Each structure stands twice: as C-alpha cells, then as structure tokens.
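Breakdown of the fold
Chain by chain, the residues run as shown.
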Amino acid sequence: MRVIFTLIILYHIMAKKQVIKESSVDTGVLEQELPIRKTKEVNRNSWEIKDRQYILKHNLSPLTYAMKTSGIYWFDEEKGYERELKYTINQKTPFVDEMKGDHLLGRIVFENGVLFVSREKTTLQKLLSLYHPQKDSEFEEFIPSKIAQDELVDLEMQIDALNAAKNLDIDMAEAVMRVEVGSEVDKMSSKELKRDLLLFAKSNPDLFLELVSDDNVQLRNFGIKATESGIINLSQDQRNFTWGSNGRKIMTVPFDEHPYSALAAFFKTDEGMEIYSNIEKRLKE
C-alpha cells in the first residue's frame with residue numbers, strides 16, 4: 001500500500017510540472033504577438049488631432065468659395081490605382097471604397113478665404129491635408145512656420161532684384177523696361193527709367209531677375225532701337241528684316257516666331273555678329 005501511495009503522489013507531481021510547462025509555452029506565444037499590436041497602435045495615432053486652418057492661395061479672399069467634395073480621386077501608391085474621394089458628414093473615411101451605408105454629402109466652403117476645421121472633424125482634415133487634388137494649387141493648410149519661410153524667400157528674392165536693378169547699366173535697364181512698358185520707354189528720362197526699374201524689381205522680382213539673366217532681352221531691345229532709328233526695317237507682314245538704306249534683306253523670320261526674338265537669335269550667328277557690329281556703329285553716329 002505504501003508503494004502504491006508513493007506512486008500516486010509522484011504521478012500528481014509530474015502532472016503539475018507538465019501543466020506549468022505548457023502554460024509557460026502559451027505565455028511565450030502571447031509575448032511574440034505584442035509587438036504587432038504596438039505597431040498598429042502607433043500607425044493609428046500618427047495623425048495629430050488638433051484644430052486646423054486652411055487658406056486659399058494666390059491671396060484670394062472671396063466672400064465664399066466652395067471646394068469640390070465628390071467626383072475627386074487620389075492615386076494610392078501602395079495599392080497602385082486611383083481611389084475615389086468624397087466628403088460626407090456620416091462616414092469615418094474620405095475613401096468611397098471604405099464607406100458603409102448611405103453617404104450624406106457635406107460641403108467645404110471657405111469664407112473670406114479661410115476655412116476653420118475643428119479637431120473633431122478628422123475625416124475632413126485628412127481629406128484637405130492629405131488627399132484633396134486641389135491641395136497646394138487652390139488652397140493650403142495654414143502653418144505659421146511655413147508661411148514665414150515662404151515670406152523670407154520672397155523678401156530675399158526682392159532684395160536680390162533691387163540690388164540687380166540698382167547696378168544695372170542704362171542699356172540693359174532700357175531693354176528690361178521695354179518688356180514691361182513697350183515703346184513708352186523711349187519717352188522716359190534716365191531718372192524715370194531708374195525709378196520704374198526699381199519699382200518693377202520690387203513688385204515682380206522673379207520676372208525681373210529672369211529678364212536680367214536673359215541676354216536675348218538686350219539683343220531684342222537693340223533690334224527694336226535699330227528699327228525705330230530706320231537703320232533696319234521690318235516688313236508689314238513681319239516676315240523680313242531689311243536694311244533701311246537700300247532695302248537689301250538681312251534675314252527672314254521663321255514661321256510662328258516673334259520677329260525680334262528671331263533677330264536676337266540671328267545676332268548670335270557669325271553673319272549676325274557682323275551685322276550687329278555694323279548697326280552698333282550706325283547707332284553711335
């Protein structure tokens with residue numbers, strides 16, 4: 001009997017150890033799954049929940065301005081196809097293929113160029129900040145630091161343009177202003193020319209810097225002055241340049257090209273350089 005009792009006790013001890021071992025294996029499996037849950041949690045919370053403000057671009061501020069809320073698409077790089085977007089007031093997603101039940105269409109209306117979206121309307125915020133096709137072309141999210149950076153770039157460009165205008169010689173100044181005001185530049189005094197040049201550089205610095213760096217601008221102006229002086233003539237159909245003194249043809253303007261742009265390009269050729277030098281001497285007489 002004592003032997004049997006001992007065997008029974010040993011059996012229970014071994015059985016208890018087996019249960020403990022199996023429990024530890026199960027716990028190990030559960031611990032391997034935890035990182036996956038954490039990853040999903042991080043992705044779910046990557047969007048910052050806060051109030052957001054959107055503004056129309058190009059300094060527009062109409063009384064009201066409505067954005068498109070349906071029939072718009074966003075290309076999903078991960079899925080490899082376009083997905084239809086729609087703003088609704090009863091769905092938790094802007095993607096039509098994820099919506100369930102009826103769609104109650106909402107409206108996106110800017111007032112005086114501004115749209116405020118409260119932190120509770122995350123679906124609308126994500127549509128505007130991430131997916132809407134008119135984002136960055138018609139409107140943008142108002143981020144003070146980004147606005148400050150853009151303004152800094154504009155100011156630096158304006159300074160560069162003003163410095164360039166201040167140091168520009170009279171011939172180049174006349175060439176640049178001819179693009180802006182046409183033949184009116186011929187009636188300006190040197191002080192008026194310098195004043196208007198600075199104002200042009202200040203109001204439109206990117207175009208001004210582009211013109212200053214374009215050598216064709218000065219060549220076009222040179223050609224216009226030569227024509228106005230009668231040294232060369234442009235035919236009525238604007239197809240041929242000829243000498244004013246004898247009517248001999250200088251060049252034919254290629255089809256669909258501006259005559260003075262074509263003349264500027266011609267001045268860069270070997271033949272054109274000789275004619276340029278000839279005209280330059282006559283302009284100085």
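Now for a description of the structure that goes with this document.

Summing up its helical and strand segments, the protein chain has nine helices and 10 strands in all. Looking at the protein chain as a whole, 29% of its 285 residues are labelled buried. Split by element, the accessible area of the protein chain, about 19600 Å² in all, is 53% carbon and sulfur.

Right, let's talk about the pairing of strand E5 (residues 108-111) for a bit. Only one face of E5 is covered, namely the one carrying Ile108 and Phe110; the face carrying Val109 and Glu111 has none of its residues buried. Of the strand pairs in this sheet, strand E2 (residues 64-67) and E5 are connected by four bridges, and their pairing is antiparallel. By the bridge assignment for E5, Thr64 is matched with Glu111.

Grouped together as the largest cluster of nonpolar side chains are 19 residues, with contacts concentrated most on Ile232, Phe241, Ile250, Leu263, Phe267 and Ile279. Those elements giving two or more residues to this core turn out to be helix H7 (215-228), strand E9 (240-243), strand E10 (249-252), helix H8 (259-266) and helix H9 (270-284). Contacts of Phe267, omitting those with residues within four sequence positions, involve Leu219, Phe222, Gly223, Gly272, Met273, Ile275, Tyr276 and Ile279.

Here we take up H9. Compared with an ideal rise of 1.5 Å per residue, which puts 15 residues at 21 Å, H9 spans 22 Å between its outermost C-alpha atoms and is within 8% of the ideal. Residues Gly272, Ile275 and Ile279 constitute the buried set of H9. Mapping the buried residues of H9 onto a view down its axis gives an arc of 65°, with all of them on the same face. Residues of H9 that are exposed and point more than 90 degrees away from the buried face comprise Asp270, Glu274, Lys281 and Lys284.

With that out of the way, let us pick up H8. Most of H8 is tucked away: six of the eight residues are buried. Pro259, Tyr260, Ala262, Leu263, Ala264 and Phe266 are the residues of H8 that are buried. On the buried face of H8, the contacting elements are H7, strand E8 (232-234), E9, E10 and H9.

This paragraph deals with the pattern of salt bridges. Per the counting criterion, the structure on display carries 11 salt bridges. A salt bridge links Glu141 to Arg52; the nearest nitrogen and oxygen atoms lie 2.9 Å apart. Separated by 89 residues along the polypeptide, Glu141 in strand E7 (residues 139-141) and Arg52 in strand E1 (residues 52-56) bring together distant segments of the chain. Of the residues examined, Arg52 reaches a relative accessible area of 7% and is grouped as buried. Arg195 is the partner of Asp196 in a salt bridge, and the nearest nitrogen-oxygen pair spans 2.9 Å. In this structure Asp196 comes out as buried when scored by relative accessible area, which is 18%. Here Arg195 falls in the partly exposed class, since its relative accessible area comes to 47%.

To continue, consider the packing of H7 against H8. In contact at an axis separation of 8 Å, H7 and H8 are set at 110° when each is read in the N-to-C sense. Classified by the interaxial angle, the pair formed by H7 and H8 is roughly perpendicular. The segment H7 lies against H8, with Asn216, Leu219, Arg220, Gly223, Ile224 and Thr227 engaging Tyr260, Ser261, Leu263 and Ala264. Classifying every residue of the contact of H7 with H8 gives five nonpolar, four polar and one charged.

On the secondary structure map, Leu124 appears in helix H2 (residues 122-131). The spatial distance from the C-alpha of Leu124 to the C-alpha of Ile89 is 8.8 Å, given a sequence separation of 35 residues. Apart from residues no more than four positions distant in its own chain, Leu124 is found in contact with Tyr87, Ile108 and Val117.

Calculation notes
- Residues numbered from 1 in each chain as written.
- Predicted model: local features only at pLDDT ≥ 70, side-chain atom pairs only at ≥ 80, totals over all residues.
- Heavy atoms only, no water.
- Helix = DSSP H or I, 4+ residues; strand = E, 2+ residues; numbered from the N terminus.
- Buried < 20%, exposed > 50% of the residue type's maximum accessible area, 1.4 Å probe, protein only.
- Areas by Shrake-Rupley, 256 points an atom, 1.4 Å probe, with all protein chains shown as cover.
- Pairing = 2+ DSSP bridges.
- Core = buried A, V, L, I, M, F, W, Y, C linked by side-chain atoms within 4.5 Å.
- Contact = heavy atoms within 4.5 Å.
- Expected span 1.5 Å × (residues − 1).
- Arc of directions from axis to C-beta.
- Salt bridge = Lys/Arg side-chain N within 4 Å of Asp/Glu carboxyl O.
- Axes fitted to C-alpha atoms, helices over the stretch in contact; angles between N-to-C directions.
- Parallel < 35°, antiparallel > 145°, perpendicular 65-115°, else oblique.
- Nonpolar A, V, L, I, M, F, W, Y, C, P; charged D, E, K, R; others polar.

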